[in-house]
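# Summary of the model geometry
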Amino acid sequence: MSAEAAIRLNLLSRCSDAVIQQFVHDVADDWCSQKSPRYQDYGKVWPITEWRDAVAAGRHLVMVGIGKSKAKAEVIEMLTSAGLAEDVAQAAGSAIEARRADVLPALKANSATIAQAHLKDFDWRVQLMMSSDKLANVRKPVVSIGLALETHSGPEKVALELDKDELKQMIQSLESANRVVQQLKS
């Protein structure tokens, strides 16, 4: 764990076991896009100057505890090593364990959409180009690919027309991108 993460997690040491449990549930709701933790609910625990760091610590805690598939005992050990009392760490670990089924799909969806656009669907067809406006006889195979992308601003369609060499280059690029993703997963 980095020193910055430990300092942020140490902000959670100001909570009682009941408050940390509710805070972890609120942060889990934030991951699930239901509602964000409200400063009004926790203003007695953290001053406004530390509020963002406290929420970031909570988000980090939930992400590490659930996203990295840590067992409850590992989460508790991580929290106690960051300076939290045993009962507060136990309460946080219990809350994380209780919300695992809710938050894990949201974390996966969030990690799948780290780019500005992601692929929702595609369609392809192979055509034989018989001629063009410049040449009378071409006889060249062409692949037409239609991509349906989901962007932050809504759905978007992209059409590509590739010849054999361009298609090979695109496949090689996608294969190398897939290798990088597989390396990041392991």
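Residues numbered from 1 in each chain as written. Predicted model: local features only at pLDDT ≥ 70, side-chain atom pairs only at ≥ 80, totals over all residues. Heavy atoms only, no water.

## Some remarks on the pairing of strand β2 (residues 140-151)
Note: strand β1 (residues 117-129) against β2, twelve bridges, orientation antiparallel. Bridging across to β2, V126 finds its partner in V143. Strand direction decides the pairing type here: β2 and strand β3 (residues 154-162), joined by nine bridges, are antiparallel. Paired with T151 across the strands is G154, a residue of β3. Between the end of β2 and the start of β3, which pair antiparallel, lie two residues. (Pairing = 2+ DSSP bridges. Helix = DSSP H or I, 4+ residues; strand = E, 2+ residues; numbered from the N terminus.)

## A word on a nonpolar patch on the surface
The grouping of L119, F122, W124 and V126 at the surface amounts to a nonpolar patch, some 460 Å² of accessible area in total. In this fold, L119 is placed in strand β1. A relative accessible area of 47% means that L119 is categorised as partly exposed. (Patch = residues over 30% accessible without salt bridge, like charges linked within 9 Å, V, L, I, M, F, W, Y side chains within 5 Å. Areas by Shrake-Rupley, 256 points an atom, 1.4 Å probe, with all protein chains shown as cover. Salt bridge = Lys/Arg side-chain N within 4 Å of Asp/Glu carboxyl O. Buried < 20%, exposed > 50% of the residue type's maximum accessible area, 1.4 Å probe, protein only.)

## Focus on the sheet that holds β2
The strand order across the open sheet built from three strands is β1-β2-β3, with neighbouring strands paired in antiparallel fashion. One side of each edge strand has no neighbouring strand; the edge strands of this open sheet are β1 and β3. Direction aside, neighbouring strands of the sheet carry axes that sit 15° apart on average. Across the sheet, helix α7 (residues 164-185) lies against β2 and β3, angled at about 130° from β3, the strand it touches most. (Axes fitted to C-alpha atoms, helices over the stretch in contact; angles between N-to-C directions. Contact = heavy atoms within 4.5 Å.)

## Re the side chain of D30
Relative to the elements of secondary structure, D30 occurs in helix α2 (residues 17-31). The buried category is assigned to D30, whose relative accessible area is 16%. If near-sequence neighbours (up to four positions away) are discounted, D30 is found in contact with K35, S36, P37 and R59.

## Some details on the nonpolar core
Ranked by internal contacts, the top residues of the largest apolar core, which has 37 residues, are L12, I20, F23, W46 and L61. Contributions of two or more residues to this core are made by α1 (3-11), α2, α4 (48-67), α5 (72-81) and α6 (86-112). Look past the residues within four positions of L12 in its chain and what remains in contact with it is I20, F23, W46, A54, A57, L61, L84 and V88. By size, the runner-up hydrophobic cluster in this structure holds five residues, among which are V143, I145, L147 and L162. (Core = buried A, V, L, I, M, F, W, Y, C linked by side-chain atoms within 4.5 Å.)

Any functional reading would require information beyond the geometric quantities listed.
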